[in-house]
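Below are the chains, spelled out letter by letter.
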Amino acid sequence: MTETRWNAITAMQQPDLKALFNIDPDRLDWLTTSVGGLRFDWSKTHMTRELLGELLALAEDRGFTARRDALFSGAAVNITEGRAAEHGAERGEGTADSVARAKMLHNRMRGLVDAIDAGALGEVRHIVHIGIGGSALGPKMLMDALSRDGSRYDVAVVSNVDGCALEEAVRYFDPETTLVAVASKTFTTAETMQNARSVIEWMTDGGVEDPYGRIIALTAAPEKAVEWGVDETRILPFSETVGGRYSLWSSIGFPVALALGWDAFESLLEGAAIMDRHFRLSPPEKNAPLIAACIDHYYVRALGAQTRGLFAYDERLRLLADYLQQLEMESNGKSVKLDGTLVDGPTAPITWGGVGTDAQHAVFQLLHQGTHLVPVEFIASIEQGHGFDTAHHQMLLINCFAQGAALMQGRESDDPARAYPGGRPSTTILMDDVTPAELGALLAFYENRTFANAVLMEINPFDQFGVELGKQIANSIAQDGPKDFDPSTEALIKLAFG
Ligand code: F6P
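Residues numbered from 1 in each chain as written. Predicted model: local features only at pLDDT ≥ 70, side-chain atom pairs only at ≥ 80, totals over all residues. Heavy atoms only, no water.

**Some thoughts on the site of the ligand**
So, step 1. Around the ligand, 14 residues are found, and the nearest of them are S135, S184, T186, T189 and E330.
So, step 2. Contact between the ligand and G134: an oxygen atom at 2.8 Å from a main-chain N or O atom of the residue.
So, step 3. For the ligand, the protein covers 87% of the area, taking 390 Å² as the surface of the free molecule.
So, step 4. More than half of the atoms of the ligand fall within 2 Å of the grid points belonging to the largest pocket. (Near = heavy atom within 4 Å. Polar contact = N/O pair within 3.5 Å; in protein donor to acceptor, adjacent residues only side chain to side chain. Areas by Shrake-Rupley, 256 points an atom, 1.4 Å probe, with all protein chains shown as cover. 1 Å grid on protein atoms, 1.4 Å probe; cavity = no way out; pocket = protein on both sides within 12 Å on 5 of 7 lines; lining within 4 Å. Sits in = over half its atoms within 2 Å of the grid points.)

Now the structure itself:
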């Protein structure tokens, strides 16, 4: 059935995007939906009622309802690692036991936030958050997006093992008034542990008597943090069933809760929960993450799009593309299906993007006239995030909407170099504002969409074995030097280290 349906989808004539509004004047109605302060508009994509209907049916053929329910029921959906994926429980959507455990751990985190506010750890003015990948991208993006109206502490997020990153982060911080959050699910990640050792050295050199007393560990491996020297009272655990790139809702979000306040952190979780409930309970034809995934699947598998471009027309969301690169590419950049056989088509497209209007003056030439098919996603906010003249925001939004229209409409010209083919798809997500709640809903939308994409591709989005080999080779170079490698790698090692 699945293959027959897919063959029928690919056999359908590709709709003419430029003509679709004339053929179906109601398409804006049925191709838009609003959830949690976000309005999704897919009307500038190639979807027709028939095509989207077939794609939704394909998702069901591939077990969408059963797999989604399994996700929220705490079943071991991460089959290669034999565990559940319970990030939903962090925002109250999961089994009663998992939700209760997440709540208990959040309460523990809240207790530490309150204690720090009350001065239990002495004077605190600065926070250095050390982590990498999922242990850094979420907190970094959230702090960047939400701290513009004021943050109770200066927060710097350090991920790269390049000492330049740490040096820059602590340059204006006083070691005596700095707290360090070491964020690592495993508490073994080489880069994070190196940065943590160096920050201890920095505090020691700065005259801090008990530098380990200034460390807070955010981890699913509390015993490792204890071994490393962190006192149990300053360890904020989270569940092993929360994946790294899905972990900002857990204690990994500690700097957000500390710097922006508990209410902001709670609003983030509540916004995400609204989106989770929408994903769990809405009918397919109104289910935003599922519809978005069906459209992704069509562009990637039927039309061969190799990338998707994501442009936030809002400076507050300038790190969104970085964050989503890990979420989407680490989750769905796979070659093996759930049953262990090789996939029968491309998996995650390359997620890339930037901010508007900057990107218009840099990469949009390719989007309008280049030869690649790049489905574009625009994200913008109705409310502005600054106190300057509203002219800024008007110009920003006008440009965003103009780009979507131009991509779709195109423009004829006698001069081929000046012609715009048009017919290029885009989606717009219009947020009421960039608040913790709306950002929570937006990020949960992307998580659930990534999951729905995995269902369509029949892959497991929750493992990441592809990152292991490079780490192992780095370890063996660190231990044994240039031994048993190819001539190029050996020569590079010798040139760098003698
Ligand atoms: O190497 C990839 C990865 O395992 C990511 O999945 C993860 O987010 C990151 O490393 C950091 O891992 P940890 O939180 O265990 O330090």
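**Quick look at the domain arrangement of the protein chain**
Interfaces are often described in size by the accessible area the parts lose on coming together.
So, step 1. On domain assignment, one finds that the protein chain holds domain 1 (2–81 + 268–463), domain 2 (95–260) and domain 3 (468–497).
So, step 2. A C-alpha centroid distance of 32 Å is found between domain 2 and domain 3. (Domains from an automatic or database assignment.)

**Concerning the nonpolar core**
So, step 1. If you look at the biggest cluster of nonpolar residues, it comprises 94 residues, and the most contacted ones within it are I116, F254, L320, L439 and Y446.
So, step 2. The element that contributes the greatest number of residues to this core is helix α18 (residues 436–457), accounting for eleven residues.
So, step 3. When residues of this core are sorted by domain, at least three fall in each of domain 1 (2–81 + 268–463) and domain 2 (95–260).
So, step 4. The next biggest cluster of nonpolar side chains, apart from the first, holds 23 residues, and it includes A169, F187, I215 and A217. (Core = buried A, V, L, I, M, F, W, Y, C linked by side-chain atoms within 4.5 Å. Buried < 20%, exposed > 50% of the residue type's maximum accessible area, 1.4 Å probe, protein only. Helix = DSSP H or I, 4+ residues; strand = E, 2+ residues; numbered from the N terminus.)

**Some remarks on empty space enclosed by the protein**
So, step 1. Throughout the structure, instances matching the rule amount to four cavities of 30 Å³ or more.
So, step 2. Looking at the largest cavity, it is lined by 18 residues, and the ones nearest its centre are I295, D296, Y299, P375 and R449.
So, step 3. Of all elements in the fold, only α14 (288–302), β8 (307–313), β10 (376–381) and β11 (426–431) reach the threshold of two or more residues within the lining of the largest cavity.
So, step 4. A total of five residues in the lining of the largest cavity trace back to one element, the largest contributor, which is α14.
So, step 5. When its residues are assigned to classes, the lining of the largest cavity shows ten nonpolar, four polar and four charged.
So, step 6. Of the pockets and cavities examined, the second largest cavity occupies roughly 130 Å³.
So, step 7. Listing elements by their share of the lining of the second largest cavity, those giving two or more residues are α14, α15 (320–332) and α18.
So, step 8. Top element by residues in the lining of the second largest cavity is α18. It accounts for four residues.
So, step 9. Here the lining of the second largest cavity is composed, by residue class, of four nonpolar, five polar and four charged. (Points joined across faces, edges and corners; volume = space filled by probe spheres on them. Nonpolar A, V, L, I, M, F, W, Y, C, P; charged D, E, K, R; others polar.)

**Quick word on the side chain of R234**
So, step 1. Relative to the helices and strands, R234 resides in the loop between α11 (222–228) and β7 (235–237).
So, step 2. Buried charged residue R234 carries no salt bridge. Nearest counter-charge: D231, at 4.6 Å.
So, step 3. Other than its neighbours up to four places away in sequence, R234 contacts L112, L121, Y212, G213, I215, I216 and A217. (Lys, Arg positive; Asp, Glu negative; His and termini not counted. Salt bridge = Lys/Arg side-chain N within 4 Å of Asp/Glu carboxyl O. Contact = heavy atoms within 4.5 Å.)

**Let's talk about the pairing of β8**
So, step 1. Summarising burial for β8: seven of the seven residues are buried, a large majority.
So, step 2. Residues T307, G309, F311 and Y313 point to one face of β8 and R308, L310 and A312 to the other, with burial holding for every one of them.
So, step 3. Bridge count for β8 against strand β9 (residues 350–355) is six bridges, and the pairing is parallel. When the sheet's bridge partners are listed, T307 is paired in β9 with I350. (Pairing = 2+ DSSP bridges.)

**What to know about the pattern of salt bridges**
So, step 1. By the definition in use, this model includes 30 salt bridges.
So, step 2. Between E3 and R62 there is a salt bridge, and its shortest N-O distance comes to 3.9 Å. Placement of the pair is E3 in helix α1 (residues 2–11) and R62 in the loop between α4 (49–61) and α5 (64–72), with a sequence separation of 59 residues.
So, step 3. Taking relative accessible area as the criterion, E3 reaches 41% and is therefore assigned partly exposed.
So, step 4. Note that E328 and R308 form a salt bridge whose closest N and O atoms lie 2.8 Å from each other.

**Notes on unusual backbone geometry**
So, step 1. Cis rather than trans, the peptide bond between G356 and T357 has omega equal to 10°.
So, step 2. For T357, the location among the structural elements is in the loop between β9 and α16 (364–369).
So, step 3. Although it is not a glycine, F187 sits at a positive phi angle of roughly 55°.
So, step 4. The topology assignment puts F187 in the loop between β5 (178–183) and α10 (190–205).
So, step 5. With a relative accessible area of 4%, F187 lands in the buried category.
So, step 6. Although it is not a glycine, E458 adopts a positive phi angle of roughly 60°.
So, step 7. Relative to the elements of secondary structure, E458 occurs in the loop between α18 and α19 (468–480).

**Quick look at the sheet that holds β9**
So, step 1. Strand order in this open sheet of six strands is β1-β2-β11-β10-β8-β9, and the pairing throughout is mixed. The outermost strands of the open sheet, each flanked by one partner alone, are β1 (32–35) and β9. For this sheet, the mean inter-axis angle between neighbouring strands, taken without regard to orientation, is 15°.
So, step 2. In terms of strand pairing, β1 meets strand β2 (residues 38–41) through four bridges, oriented antiparallel. Bridged to V35 within β2 is L38.
So, step 3. Relative to the sheet, α18 contacts β2, β8, β10 and β11, its axis offset from that of β11 by approximately 150°. (Axes fitted to C-alpha atoms, helices over the stretch in contact; angles between N-to-C directions.)

**Some details on the packing of helix α7 (residues 96–117) against helix α13 (residues 262–281)**
So, step 1. At a closest axis distance of 11 Å, the pairing of α7 and α13 adopts a crossing angle of 155°. Accordingly, the angle class assigned to the pair α7 and α13 is roughly antiparallel. Between α7 and α13 lies a crossing whose hand is right-handed. Across the interface between the two elements, H106, M109 and R110 of α7 pack against W262, F265 and L269 of α13.
So, step 2. Residues belonging to the contact of α7 with α13 are distributed by class as follows: four nonpolar, one polar and one charged. (Parallel < 35°, antiparallel > 145°, perpendicular 65-115°, else oblique. Left-handed = near helix turned anticlockwise from the far one by under 90°.)

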